[in-house]
Amino acid sequence: MNRKIHLWAIVSGAMAAMCFLLLQGVASSGSAAEMIYVQRDGCPWCKVVDTTVVPIWNKTEEGRRAPLRRVDSDAAWPEDLKDITPERLTPTFILVEDGEEIARLRGYPGEHFIWPMITEMVGKLPQ
């Protein structure tokens with residue numbers, strides 16, 4: 001009986017260590033990129049994006065690789081995005097990694113085109 005408990009303790013400890021290392025890798029590798037969603041109140045196309053794209057963003061591979069961040073085009077441009085050209089046209093998606101713009105999508109191309117275009121944008125990120 002003691003042998004089984006000892007073996008279980010070793011196996012469970014190793015599994016916990018592996019899970020910790022995997023989670024550390026996921027947290028550190030996924031935090032550099034983000035998808036900036038430039039929107040404004042009263043924008044009719046932003047309302048469409050808010051009801052079709054935003055609710056499922058975090059459930060997609062694209063959302064896992066580049067978390068969505070809202071920026072209001074009528075507000076001051078965020079200081080941490082100072083190296084990114086501000087956008088006035090809404091909706092706009094700007095893929096940013098480590099403070100550098102990777103890709104930009106202006107406007108809403110429609111529900112059948114937006115996901116392939118976003119997938120293409122996120123595909124430009126390093127693996």
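Throughout what follows, the structure given in this document is the object of discussion. In this text, all values refer to a predicted model and were calculated from it rather than measured experimentally.

Another aspect to go through is the sheet that holds strand β4 (residues 100–106). Taking strand neighbours across the sheet as the criterion, the four strands line up as β2-β1-β3-β4 in an open arrangement whose pairing is mixed. Two strands in the sheet have a free side with no partner beyond their single neighbour: β2 (68–72) and β4. Going from strand to strand, the sheet's axes swing by 25° on average, the running direction of each strand aside. Note that strand β1 (residues 33–39) and strand β3 (residues 92–97) share six bridges and pair antiparallel. Residue pairing for β3: glutamate 34 is matched across the bridge by valine 96. Helix-sheet contacts for helix α4 (residues 111–122) involve β1, β3 and β4, and the interaxial angle to β4 is about 170°.

Here we take up the pattern of salt bridges. Counting across every chain of the model gives seven salt bridges. Glutamate 61 is the salt-bridge partner of arginine 64, the closest N and O atoms lying 3.6 Å from each other. Here arginine 64 and its partner glutamate 61 are both found in helix α3 (residues 61–65), three residues apart, which amounts to about one turn of the helix. What makes arginine 64 partly exposed here is its relative accessible area of 49%. In this structure, glutamate 87 and arginine 104 form a salt bridge, with 2.7 Å as the shortest nitrogen-oxygen distance. Separated by 17 residues along the polypeptide, glutamate 87 in the loop between β2 and β3 and arginine 104 in strand β4 bring together distant segments of the chain. Summarising the burial analysis for this pair, glutamate 87 and arginine 104 share the class buried. Several salt bridges converge on common partners, so that one network encompasses Glu87, Glu101, Arg104 and Arg106.

Cut-off values and rules
Residues numbered from 1 in each chain as written. Predicted model: local features only at pLDDT ≥ 70, side-chain atom pairs only at ≥ 80, totals over all residues. Heavy atoms only, no water. Pairing = 2+ DSSP bridges. Helix = DSSP H or I, 4+ residues; strand = E, 2+ residues; numbered from the N terminus. Axes fitted to C-alpha atoms, helices over the stretch in contact; angles between N-to-C directions. Contact = heavy atoms within 4.5 Å. Salt bridge = Lys/Arg side-chain N within 4 Å of Asp/Glu carboxyl O. Buried < 20%, exposed > 50% of the residue type's maximum accessible area, 1.4 Å probe, protein only.

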